[in-house]
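# Structural overview for review
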Amino acid sequence: MHLQNLVELDAPVMVVGDIHGQYFDLLSILRKWRPDHALLFLGDYVDRGAFSCEVMLQLLALKLRHPASVFLLRGNHECSTVSAHFGFKEECKVKYGLTVYYQFLRCFQALPIAALIRTKIGRIFAAHGGISPDIKTLDELNRIDRFAEPDMEGALCDILWSDPLNEDEAYKLTDQEYKEVCVRGCSYMFGYRAVARFLRDNALIFMLRAHEVQEEGFRSHFAAHLHPTVLTVFSAPNYCDRYGNKAAILHVEDTGYYTVNLLEAEVRARARRAVVAAAAAQR
């Protein structure tokens, strides 16, 4: 199935943020998938966690089994420069050999980079990172060459890497639309005016993204304004086995309303203890 850079799907849909190789948490998430919902993943499937290969194989099998209802977007870790540094390349080398890693890289480049969720009250934009000063319309987004490794700047980089400003910084903006600083070392941080204009010009009601760990699993940005504009969803509980954060998944209904399901941080610990106990029993 050939997909454009921007895939379109109808609500209801379950939206999942970063997973980062936490396979047993992915299984917990999939148990919450309702048969009448589409399933949208926002990227960052690999690195950090020890089971990135298993995560990717599970998701690809799921896509093959449900091609019309399961959608996988690309995250910033689905790139060679990042995944070679944060563990996925070494994991592939140990488990299957580097040939498999390079095949995964080809797969990553084929993943769509954004999605539109259609509801009865309007359309929701979804991407891993955020918006870009080089992208004004959705048609421009479809013209990006996604079959490539992202540069340190440009539209593809921004869609995968950009972040919303925090509330304190957002209040300081005057007519400046983008603040050209980012703690990640590339791309931009965007403020309320920039994202509000993007939503208005493209007839969107709000934006869903992932990319940033959240203590409560999700966060609504620019909350001081009347309507929510950006919602971050992070789905890896107890990220890196040390953050103690909750994980969140989002159910967007066809009415346009959404509900948030939370996974407690100890889900991963219980799964790990079960695996260790099973391995000990087989010795």
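The chain goes by Serine/threonine-protein phosphatase in an unreviewed UniProt entry, where it is assigned to Tribonema minus. The annotation that UniProt attaches to the chain under Catalytic activity (unreviewed entry) is "O-phospho-L-threonyl-[protein] + H2O = L-threonyl-[protein] + phosphate".

### Quick notes on the overall build of the chain
Regarding its fold elements, the chain presents 10 helices and 14 strands. Expressed as a percentage of the 283 residues in the chain, the buried residues total 53%. In the chain, once contacts between residues fewer than 6 apart in sequence are set aside, the share between residues at least 24 apart is 70%. Total accessible area on the chain is roughly 13100 Å²; 52% of this is exposed by carbon and sulfur atoms.

### Describing the pairing of strand S6 (residues 122-127)
Within S6, five of the six residues are buried, which leaves it mostly tucked inside the rest of the structure. Across six bridges, strand S5 (residues 114-119) lies against S6 in antiparallel orientation. Residue Arg 118 lies in a different strand from S6, and its bridge partner there is Arg 123. Hairpin connection of S5 to S6: two residues between the antiparallel strands. When S6 meets strand S10 (residues 204-209), the two strands line up parallel, connected through four bridges. The partner of Ile 124 across the bridge, within S10, is Phe 206.

### A closer look at the packing of helix H1 (residues 23-30) against helix H2 (residues 52-65)
Direction vectors running N to C along H1 and H2 enclose 30 degrees, while the axes themselves pass 9 Å from each other. Comparing their axes, H2 and H1 come out roughly parallel. For H1 against H2, the interelement crossing comes out right-handed. Touching Tyr 23, Leu 26, Leu 27 and Leu 30 of H1 are Glu 54, Val 55, Gln 58, Leu 59 and Leu 62, all from H2.

### Observations regarding the pattern of salt bridges
One pass over the structure, following the stated rule, counts 11 salt bridges. For Arg 118, the salt bridge goes to Asp 10, with nearest N and O atoms at 2.7 Å. Placement of the pair is Arg 118 in strand S5 and Asp 10 in strand S1 (residues 6-10), with a sequence separation of 108 residues. On the basis of relative accessible area, Arg 118 is assigned to the partly exposed category, the value being 30%. Looking at Asp 10, the relative accessible area reads 46%, which means it is partly exposed. With a shortest N-O distance of 4.0 Å, Asp 254 and Lys 120 are connected by a salt bridge.

### Description of the sheet that holds strand S13 (residues 247-252)
Spatially, the five strands line up as an open sheet ordered S4-S3-S2-S13-S14, and their pairing is mixed. Of all the strands in the sheet, just strand S4 (70-72) and strand S14 (258-263) have a single pairing partner and so form its edges. For this sheet the average axis-to-axis angle between neighbouring strands, irrespective of direction, equals 20 degrees. With four bridges joining them, strand S2 (residues 13-16) and S13 adopt antiparallel strand pairing. Residue pairing in the sheet places Val 15 in a bridge with Leu 250 of S13. Relative to the sheet, H1 contacts S2, strand S3 (38-41), S13 and S14, its axis offset from that of S3 by approximately 150 degrees.

### Here's the deal with helix H4 (residues 88-95)
Those residues of H4 not exposed but buried are Phe 88, Glu 91 and Cys 92. Down the axis of H4, the sector holding all buried residues measures 95 degrees, keeping them to one side. Its buried side turned inward, H4 meets H2, helix H3 (80-83) and helix H5 (98-110). Phi for Gly 97, located one or two positions after H4, is positive at around 100 degrees.

### Remarks on the packing of H2 against H4
For the pair H2 and H4, the least separation of the axes is 9 Å and the interaxial angle reads 85 degrees. In terms of orientation, H2 and H4 fall into the roughly perpendicular class. Contacts from Ser 52, Cys 53 and Glu 54 in H2 reach Phe 88, Glu 91, Cys 92 and Lys 95 in H4. Along the lines of polarity and charge, the residues of the contact of H2 with H4 split into three nonpolar, one polar and three charged.

### Quick notes on the UniProt feature "domain: Serine/threonine specific protein phosphatases" (unreviewed entry) in the chain
Feature annotation in UniProt places "domain: Serine/threonine specific protein phosphatases" (unreviewed entry) on residues 73-78, given in this structure's numbering. Taken as a whole, residues 73-78 contains 0% helix and 0% strand, while its terminal C-alpha atoms sit 10 Å from one another.

### Brief notes about the side chain of His 20
With respect to the helices and strands, the residue His 20 is situated in the loop between S2 and H1. A residue is classified by how much of its surface remains accessible, and His 20, at 2% relative accessible area, is buried. Each residue touching His 20, except ones within four places of it in the same chain, is listed here: Asp 44, Tyr 45, Val 46, Asp 47, Arg 48, Gly 49, His 77, Phe 234 and Tyr 239.

What counts, and where the lines are drawn
- Residues numbered from 1 in each chain as written.
- Predicted model: local features only at pLDDT ≥ 70, side-chain atom pairs only at ≥ 80, totals over all residues.
- Heavy atoms only, no water.
- UniProt positions renumbered as here; feature names shortened; annotations may be inferred.
- Helix = DSSP H or I, 4+ residues; strand = E, 2+ residues; numbered from the N terminus.
- Buried < 20%, exposed > 50% of the residue type's maximum accessible area, 1.4 Å probe, protein only.
- Contact = heavy atoms within 4.5 Å.
- Areas by Shrake-Rupley, 256 points an atom, 1.4 Å probe, with all protein chains shown as cover.
- Pairing = 2+ DSSP bridges.
- Axes fitted to C-alpha atoms, helices over the stretch in contact; angles between N-to-C directions.
- Parallel < 35°, antiparallel > 145°, perpendicular 65-115°, else oblique.
- Left-handed = near helix turned anticlockwise from the far one by under 90°.
- Salt bridge = Lys/Arg side-chain N within 4 Å of Asp/Glu carboxyl O.
- Arc of directions from axis to C-beta.
- Nonpolar A, V, L, I, M, F, W, Y, C, P; charged D, E, K, R; others polar.

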